[in-house]
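Single-letter residue listing:
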Amino acid sequence: MTTTAHDIVFRLEQKRRVQADFPGPKSIALTERRRAVVAAGVASSVPVYVADADGGIIHDVDGNAFIDLGSGIAVTSVGASDPAVIGAVKEAVEHFTHTCFMVTPYESYVALAEQLNRLTPGDHEKRTVLFNSGAEAVENAVKVARLATGRDAVVAFDHAYHGRTNLTMALTAKAMPYKSGPAGSFGPFAPEVYRVPMSYPYREENPDLTGAEAAQRAITMIEKQIGAGLVAAVIIEPIQGEGGFIVPAEGFLPALAAWARDNGIVLIADEVQSGFCRTGEWFAVNHEGVVPDIITMAKGIAGGMPLSAITGRADLLDAVHAGGLGGTYGGNPVACAAALAAIGSMEEYNLAGRARHIEELATGRLHALQKELAGARKAVMGDVRGRGAMLAIELVHAGTKQPNPELTKAVAAACLQEGVIILTCGTYGNVIRLLPPLVITDELLNDGLDVLAGAIRANA
Ligand SMILES: *Cc1c(COP(=O)(O)O)cnc(C)c1O
């Protein structure tokens, strides 16, 4: 018999409880201390400081309890204090905190590579390398693709987000705040990065454009403007994250994958946000049976500990000379132990199934609300989309497709006021995204969705 998420016993009561006038005195004092010492460039969307977190609840230092519909940006899928992860971390840290796998290796790194090779799509021979952050995984996937193919060009998509390091800023599509701001640019950016159109069903000029046709549009641009023979890699988020939870039209990813294969181009699936049961499958590419050459992973992989990975075709990864890949902290033993435990919890609690359940519950309610508002001539919910527990509402000016970032901000603020943490995203800043921990109870999720519905109704 498999355990279900309903059987999880939480340490903290799974209940929202906030004072009307938060932030409280302790959070206000911390904000003042912070202002004097933390760089202004690091912004926080919530003005309270965390004391504890478990399941779908975050407690602040003044005793408020918030519903977490963001999971620290899709990280704490197993919850912020999963007992299995905590136990594994404690066990590992009592033995050694670090030795560096490149100096004196240890078993947990190897065991995690075995798990990732097993869980990622495709039954081909695979190899894995571990790093610390999503951006670092993306950087290394591109390094491997360039060295293995002997080519330079890398193709990314409109609305893409791949990180904040120099190369990954170049791959990212959104200028503000990631690449530049009012004070200037973080560039110059890495060369040999090219951008092509994404499949964005809600915003296609031709609403009947198929996924295969959208892929052909991108492919033609690559062939005409770069030359397929010069392209080392095409990198794509199978469901785009920061860009707006954009799910490409069916057939887009398979067509792109087939063309990449035919042209000796490495297909890199950036599953940093969409991986690890988030979309109702281990990986988002699984929904269409796409097998990438290299897959990048981070965020949900290790129950909140910093860890990232690339897993890919053995012939590509092993093309790199000994010593060509690595890093001081990559695959830290405590983080590896956490990842092994988090993967164990995902399997034990069937969190992929749980993500599908969340999709069913939430999209049913969101579609009903979309209809209700349209009936009241307040059609501000332009699109409801996503997979599993990676769901989004694209907000527009009523009756148009014109992005409405002001409403989006107002809705997120109204939710927060009621004690529900909700993130926004999107190239146009007009997308509400739902990324609850996969272990969240139905009761808490419904409470959060009640608040969200109220906030949209009140501000529409
Ligand atoms: C968050 C994210 C990254 C960057 O990960 P970091 O750990 O913040 O460096 C890269 N790709 C995608 C798709 C992401 O969502």
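Calculation criteria
- Residues numbered from 1 in each chain as written.
- Predicted model: local features only at pLDDT ≥ 70, side-chain atom pairs only at ≥ 80, totals over all residues.
- Heavy atoms only, no water.
- Helix = DSSP H or I, 4+ residues; strand = E, 2+ residues; numbered from the N terminus.
- Buried < 20%, exposed > 50% of the residue type's maximum accessible area, 1.4 Å probe, protein only.
- Contact = heavy atoms within 4.5 Å.
- Areas by Shrake-Rupley, 256 points an atom, 1.4 Å probe, with all protein chains shown as cover.
- Lys, Arg positive; Asp, Glu negative; His and termini not counted.
- Charge placed at Lys NZ, Arg CZ, Asp CG, Glu CD.
- Patch = residues over 30% accessible without salt bridge, like charges linked within 9 Å, V, L, I, M, F, W, Y side chains within 5 Å.
- Salt bridge = Lys/Arg side-chain N within 4 Å of Asp/Glu carboxyl O.
- Axes fitted to C-alpha atoms, helices over the stretch in contact; angles between N-to-C directions.
- Parallel < 35°, antiparallel > 145°, perpendicular 65-115°, else oblique.
- Left-handed = near helix turned anticlockwise from the far one by under 90°.
- Near = heavy atom within 4 Å.
- Polar contact = N/O pair within 3.5 Å; in protein donor to acceptor, adjacent residues only side chain to side chain.
- Nonpolar A, V, L, I, M, F, W, Y, C, P; charged D, E, K, R; others polar.
- Domains from an automatic or database assignment.
- Buried area = accessible area lost by both parts, 1.4 Å probe.
- Phe/Tyr/Trp six-rings, centres within 6.5 Å; stacked < 30°, edge-to-face > 60°.
- Lys NZ or Arg CZ within 6 Å of the ring centre and 35° of its normal.
- Disulfide = S-S within 2.5 Å.
- Expected span 1.5 Å × (residues − 1).

Caption draft 1: Main features of the overall build of the chain. Scanning the chain from terminus to terminus reveals 13 helices and 17 strands. Projected onto its principal axes, the C-alpha coordinates of the chain cover approximately 60 × 60 × 55 Å. Here the chain, with 460 residues, has 53% of them falling under the buried criterion. The contacts of the chain with a sequence gap of at least 6 include a subset with a gap of at least 24, amounting to 74%. Counting every atom, the chain has about 19,400 Å² of accessible surface; 54% of that belongs to carbon and sulfur. Of the side-chain charges in the chain, 38 are positive and 50 negative, and the distance between the mean point of each set is 5 Å.

Caption draft 2: The arrangement of a nonpolar patch on the surface in detail. On the surface, Val37, Val38 and Val42 cluster together into a nonpolar patch covering about 270 Å² of accessible area. With respect to the helices and strands, Val37 occurs in helix α1 (residues 25–37). With a relative accessible area of 69%, Val37 lands in the exposed category.

Caption draft 3: Broad picture of the packing of helix α11 (residues 351–375) against helix α13 (residues 442–459). Where α11 meets α13, the closest approach of the two axes is 11 Å, and the angle between their N-to-C directions is 25 degrees. Judged by the inter-axis angle, α11 sits roughly parallel to α13. Between α11 and α13 lies a crossing whose hand is right-handed. The segment α11 lies against α13, with Arg354, His357, Ile358, Leu361, Ala362, Arg365, Leu366, Leu369, Glu372 and Leu373 engaging Asp442, Leu445, Asn446, Leu449, Asp450, Leu452, Ala453, Ile456 and Arg457.

Caption draft 4: Spatial organisation of the site of the ligand. Close to the ligand lie Ser133, Gly134, Ala135, Tyr161, His162, Gly163, Glu237, Asp270, Val272, Gln273 and Lys299. Between the ligand and the protein, one listed contact pairs an oxygen atom with a side-chain N or O atom of Gln273 at 2.9 Å. Here Lys299 contributes a side-chain N or O atom positioned 2.6 Å from an oxygen atom of the ligand. The protein chains hide 82% of the 380 Å² of surface that the ligand would expose on its own. A per-class count over the shell around the ligand returns 3 nonpolar, 5 polar and 3 charged.

Caption draft 5: Quick look at the domain arrangement of the chain. By domain assignment, the chain separates into domain 1 (10–81 + 350–459) and domain 2 (85–348). Relative placement of domain 1 and domain 2: their C-alpha centres are 26 Å apart. Counting from both sides, the interface comprises 41 residues of domain 1 and, opposite them, 34 residues of domain 2. Carbon and sulfur atoms supply 58% of the area that domain 1 and domain 2 bury against each other, a total of about 3,000 Å² over both sides. Viewed at the interface, domain 2 and domain 1 are joined by 2 salt bridges. Among the ionic pairs, Glu394 bridges to Arg203, the shortest N-O distance being 2.7 Å. Linking domain 1 with domain 2 are 21 residue pairs in polar contact (both at pLDDT 80 or more), by the criterion used here. Top contributing element to the side of domain 1 that touches domain 2 by residue count: strand β13 (residues 381–387), with 5 residues. Within the side of domain 1 that touches domain 2, the residues separate by chemical class into 21 nonpolar, 13 polar and 7 charged.

Caption draft 6: Representation of the packing of aromatic side chains within the structure. Under the defined criterion, the tally for this structure stands at 8 aromatic pairs. Ring centres of Phe101 and Tyr109 lie 3.6 Å apart, and the angle between their planes is 10 degrees; this geometry places the pair in the stacked category. Here a set of aromatic residues connected by ring pairs shows up, and it is made of Phe96, Phe101, Tyr106 and Tyr109. Against the face of Phe189 rests Lys179, its NZ or CZ located 5.2 Å from the ring centre. Cation over ring: Lys401 sits above Tyr202, and NZ or CZ is 4.5 Å from the ring centre.

Caption draft 7: Up close: the side chain of Asp54. Residue placement: Asp54 occurs in strand β1 (residues 50–54). Buried and unpaired, Asp54 has no salt bridge, with Arg11 as the nearest side chain of opposite charge at 4.6 Å. Polar contacts involving the side chain of Asp54 include one to the main-chain amide nitrogen of Leu12, which spans 3.0 Å. At 3.1 Å, the side chain of Asp54 forms a polar contact with the side chain of Ser81. Excluding residues within four positions of it along the chain, Asp54 makes contact with Phe10, Arg11, Leu12, Gln14 and Ser81.

Caption draft 8: Highlighting the state of the cysteines. Across all of its chains, the model carries 0 disulfides by this definition. Not engaged in a disulfide, the cysteine Cys415 finds its nearest cysteine sulfur in Cys425; these two sulfurs lie 14 Å apart. For Cys415, a relative accessible area of 0% translates into the label buried. Exposure remark for Cys425: the relative accessible area of 6% places this residue in the buried category.

Caption draft 9: Helix α10 (residues 333–348), seen in detail. Under the 1.5 Å per step criterion, the end-to-end length of α10 is 22 Å for 16 residues, consistent within 8% with the ideal 22 Å. In terms of residue burial, α10 counts as a mostly covered element, since 12 of its 16 residues are buried. All of the buried residues in α10 are Pro333, Val334, Ala335, Cys336, Ala337, Ala338, Ala339, Ala341, Ala342, Ile343, Ser345 and Met346. Each element contacted by the buried residues of α10 is listed here: α3 (83–93), α4 (107–119), β4 (126–131) and α11. Capping of α10 at its N-terminal end is provided by Asn332; its side-chain oxygen lies 2.8 Å from the backbone amide nitrogen of Val334.

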